[in-house]
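The lines below spell out each chain.
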Amino acid sequence: MRAVQGAEIWATLKYFVEENGWEGLGSDLHDRMAWARTCALPEKATEVALGREAMAEAQAALGRLLHSQSDDVTPSLAGGGRSRPPGASLLVLPATAASPPERGTTTTNEDFRRRTFELTALAGLARCPQVVFPLPEVDLDSNDATERDSNQPLAASFLGAHGCDWLLLEAVTSLAKSHFKMP
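Residues numbered from 1 in each chain as written. Predicted model: local features only at pLDDT ≥ 70, side-chain atom pairs only at ≥ 80, totals over all residues. Heavy atoms only, no water.

Caption draft 1: Main features of the layout of surface pockets. In this structure, the largest pocket spans a volume of roughly 730 Å³. In terms of lining, the largest pocket is formed by 21 residues, of which the most central are R2, Q5, I9, F117 and A121. Residue assignment for the lining of the largest pocket shows that the elements contributing at least two residues are α1 (2-20), α2 (27-39) and α4 (110-126). At 9 residues, α4 tops the list of elements feeding residues into the lining of the largest pocket. In terms of residue class, the lining of the largest pocket is built from 10 nonpolar, 3 polar and 8 charged. (1 Å grid on protein atoms, 1.4 Å probe; cavity = no way out; pocket = protein on both sides within 12 Å on 5 of 7 lines; lining within 4 Å. Points joined across faces, edges and corners; volume = space filled by probe spheres on them. Helix = DSSP H or I, 4+ residues; strand = E, 2+ residues; numbered from the N terminus. Nonpolar A, V, L, I, M, F, W, Y, C, P; charged D, E, K, R; others polar.)

As structure tokens, this is what we get:
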């Protein structure tokens, strides 16, 4: 499936890179784009096709898990929004695989990055909408708060079924308005 990711990255960004030149890319991005370009080569076509089949299977499985089919999403008559598909659910996951680096950290921890990508790849793999939602600081004097270092951000990842983008956005917006101070 990494070949699918690379082929799609190259298909999306190749004109930008070719028009603006490779020399403007940082070394890490240059290396990733060079790898992505190889995924679009004819000799990778079988690997990309197999990856796409696996992605379709993941999308179907996650759709079953979330009790939703994208065909069930119909425009709502009130307000121009979308109606909730029967039995549609959201999946809530941690936004990172481990405690995130402290705010202001500029170095990249490759193990942390890899593990977080493994966790967050589910949305891309299954072509599902995902929102990572930062959570507010907790009051450590509260009885139901858990202690954590105030320099570390805290976030949750919300995942919706394929085609249920509006359901996900409406749910996260509703959560934000009802539980957090929002302008």
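Alright, that's what it looks like, and here's the rest.
Caption draft 2: Structural detail: the environment of V17. Mapped onto the fold, V17 is located in helix α1. Residues V17 and M33, spaced 16 residues apart in sequence, show a C-alpha to C-alpha distance of 8.5 Å. When sequence neighbours within four positions are dropped, the list of residues in contact with V17 reads W10, W22, L25 and M33. (Contact = heavy atoms within 4.5 Å.)

Caption draft 3: Examining the pairing of strand β2 (residues 130-134) more closely. The two faces of β2 differ: V131 and F133 on one face are buried, but Q130, V132 and P134 on the other face are not. The sheet contact formed by β2 and strand β3 (residues 155-159) spans 5 bridges and is antiparallel. Counterpart to Q130 in the pairing with β3 is L159. (Buried < 20%, exposed > 50% of the residue type's maximum accessible area, 1.4 Å probe, protein only. Pairing = 2+ DSSP bridges.)

Caption draft 4: View of unusual backbone geometry. Its identity is not glycine, yet R127 carries a phi of approximately 60°, on the positive side. Here R127 shows up in the loop between α4 and β2. Of the residues examined, R127 reaches a relative accessible area of 35% and is grouped as partly exposed.

Caption draft 5: Spatial organisation of the packing of α1 against helix α3 (residues 45-65). Running from N to C, α1 and α3 point in directions that differ by 105°, and their axes come no closer than 7 Å. As the angle between them shows, α1 and α3 are arranged roughly perpendicular. Together, A3, V4, A7 and E8 of α1 and E47, V48, G51, R52 and M55 of α3 make up the contact between the two elements. Class assignment for the residues of the contact of α1 with α3 results in 5 nonpolar, 1 polar and 3 charged. (Axes fitted to C-alpha atoms, helices over the stretch in contact; angles between N-to-C directions. Parallel < 35°, antiparallel > 145°, perpendicular 65-115°, else oblique.)

Caption draft 6: Expanded view of the pattern of salt bridges. In total, this model carries 6 salt bridges according to the counting rule given. Between R114 and D111 there is a salt bridge, with the nearest N and O atoms lying 2.7 Å from each other. Of this pair, R114 and D111 both sit in helix α4, separated by 3 residues, roughly a single helical turn. Across the pair R115 and D111 runs a salt bridge, and its minimum N-O distance is 3.8 Å. One end of the pair is R115 and the other is D111, both in helix α4 and 4 residues apart, which spans about a single turn. On the basis of relative accessible area, R115 is assigned to the partly exposed category, the value being 34%. Connected through shared salt-bridge partners, E8, R52 and R127 make up one network. (Salt bridge = Lys/Arg side-chain N within 4 Å of Asp/Glu carboxyl O.)

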